[in-house]
Each structure stands twice: as C-alpha cells, then as structure tokens.
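Summary of the model geometry
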Amino acid sequence: MKKLLIIVIFILLGRMALAQWSVGAQGGVSFTSIDRSQAGRVDEAYNPLIGYDFGITGSYTFNPWFAIRADLGMMQRNHRMQRHLNYLSLVYTDHLNTYLTLPVMADFSFGGSRLRGHLLLGAFAGYWVRQRVRGVTYGMTDYEVFFNEFDTPKDFSSSDRRLNAGLVGGAALSYSLNNLFGLSLNALYYYDLVSHYIGYVALQDYRYLNTAVITLGLSYHIPTNQSE
C-alpha cells in the first residue's frame, strides 16, 4: 500500500512539473443590473448601465483540457434608478460602483492546438472600493417644478455592505500566437449571493447586482523547465 501511494505521488508530481503557468492582462466592458424589491417604490424603475472591467489574470494548466484560473481586477458595477411619474420622468440617479473582484474558476477547454474554446465556472469575492452618484433631482415652489443636476462622490454608511461574494461563469475563446503568447475573448456573468445593502432588516430591502462582462486579454505562457 505504501509503495502504491509513493508511485501515485510521483505520478502527480510529474504531471505538475509538466503543467504550465500563464499570466496576462485583460480589459473590457461591464453591463450591470440590480435585483431589488419594488415594494413601496412604484414610481421607480431600475435599468442596467455600462462600465469598465480591467485587471490581471493567471491560470495553472494541469492537462490539455483542464486548468484553474483566477482574475484580479477593478470592475464598475453601475445601474440607474429612473423615476417615471409624469413630471418626474426627467429625474434619475446613476449609481457608479467600483469593486475589486477576485473570481476563481475551473477552466474546461476543448478544440485544436491554437484555437480553443473554454467553459468557465466558479465563485468570486469582491470589495466595494468607491461609489459615486450622478443624475437629476427636482424641487418645487408654489409656481413651478425645477430640476438640478448633480455628480458627486458618496460616502459609505453603516447600511452598506462592502464585502461581496457570489457565483461566476461563462465562456471564452483563446488563440495561441506562438509558444509564449496568446489572445483571448472572455464573456463572464457575475451573480451576487450577498446583498450590498443592509438597511433595516425588517424591511427586507435586499439589493443584488448581476454583471455581465466582455473582455479581451493577452497572456504569457511561462516556459516550464524540463530536463532533456
């Protein structure tokens, strides 16, 4: 039994020696919607907004069809609250949220030696770095309704939950330019499992962000040191 265990360990170590690290950079756009109860907010509608997503990526390839991939990036997860009652139709607030995100995914690949498809599935953790709000608000006098534009950073409060987590999955295409460099096109979807708003628990005003990202990436395949 001990001999068998030793043989298995040496086989695994041999496979790991043949495995390959890849590092790279990527950037693209994000498209975020918010999942929130409409209770008590019949005049509000929530719409997706476009943002950015950029960062670094790394993967560890175990064999031709399986790898572990992790990305570290800055992602905007923006959305708009639009009022839609008669004279308030011009009133809106854009919530511009920047997150530091770390998705870790299993990477199942298929295809040829140069062009390959990838199925990605895993989980992510995030940290809410900053927020900004912009839009149009309104005021009233005895004679008129007036509108004011605003664009300002917003401080975090005790109602904001800055730590974030959820599920992530998607697909990618990769193309090897040569033995060292490759290009990739990635499409991922981030699904929150943690509400970013705490508020009053009794109100159950949970707010979950859902973000689709499309990025282009450039990777570098670190050569393995193999003896001849």
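Residues numbered from 1 in each chain as written. Predicted model: local features only at pLDDT ≥ 70, side-chain atom pairs only at ≥ 80, totals over all residues. Heavy atoms only, no water.

**Topic: the overall build of the protein**
Per the secondary structure count, the protein includes one helix and ten strands. Its helices and strands in sequence order give the protein the pattern α-β-β-β-β-β-β-β-β-β-β, from N to C terminus. Taking all 228 residues of the protein together, the buried fraction comes to 37%. Restricting to contacts in the protein with at least 6 residues of sequence separation, those with at least 24 account for 66%. Split by element, the accessible area of the protein, about 13900 Å² in all, is 65% carbon and sulfur. (Helix = DSSP H or I, 4+ residues; strand = E, 2+ residues; numbered from the N terminus. Buried < 20%, exposed > 50% of the residue type's maximum accessible area, 1.4 Å probe, protein only. Contact = heavy atoms within 4.5 Å. Areas by Shrake-Rupley, 256 points an atom, 1.4 Å probe, with all protein chains shown as cover.)

**Description of the pairing of strand β1 (residues 20-36)**
Sheet analysis places β1 next to strand β2 (residues 44-63), joined by 13 bridges and oriented antiparallel. Counterpart to Ala25 in the pairing with β2 is Ile56. (Pairing = 2+ DSSP bridges.)

**Remarks on the environment of Ile68**
As for its placement among the helices and strands, Ile68 is situated in strand β3 (residues 66-76). Distance in space between the C-alpha atoms of Ile68 and Asp107 is 5.7 Å, their sequence separation being 39 residues.

**Focus on the nonpolar core**
Membership of the largest hydrophobic core is limited to nine residues, which are Met75, Met105, Leu120, Phe124, Val168, Ala172, Leu188, Tyr190 and Val213. Of all elements in the fold, only β6 (115-140), β8 (163-176) and β9 (181-192) reach the threshold of two or more residues within this core. Setting aside chain neighbours within four positions, we find Met105 in contact with Ala67, Ile68, Arg69, Asp71, Leu120, Leu121, Gly122, Val168 and Leu188. The next biggest cluster of nonpolar side chains, apart from the first, holds six residues, and it includes Ile34, Met81, Trp128 and Leu209. (Core = buried A, V, L, I, M, F, W, Y, C linked by side-chain atoms within 4.5 Å.)

**Some points on the confidence of the model for the protein**
Overall, the prediction assigns the protein a mean pLDDT of 85, with 80% of residues at 70 or greater. The low-confidence segment residues 7-18 (pLDDT under 50) makes four contacts with residues lying over four places distant or belonging to another chain. (pLDDT = per-residue confidence, 0-100.)

**Considering the environment of Gly55**
Turning to its location among the elements, Gly55 is positioned in strand β2. Considering only alpha carbons, one finds Gly55 and Gly28, 27 residues apart in sequence, at a separation of 9.5 Å. Excluding anything up to four places from it in sequence, Gly55 contacts Gly24, Ala25, Gln26, Leu72 and Gly73.

**A few points about the pattern of salt bridges**
Tallied over the entire structure, the rule returns five salt bridges. In this structure, the salt-bridge partner of Arg132 is Asp151, at a minimum N-O distance of 2.8 Å. Taken as a pair, Arg132 in strand β6 and Asp151 in strand β7 (residues 145-153) lie far apart in primary sequence, 19 residues in all. You can call Arg132 partly exposed: its relative accessible area is 31%. Since its relative accessible area comes to 49%, Asp151 is described here as partly exposed. Through salt bridges with shared partners, a single ionic network connects Arg80, Asp94 and Arg134. (Salt bridge = Lys/Arg side-chain N within 4 Å of Asp/Glu carboxyl O.)

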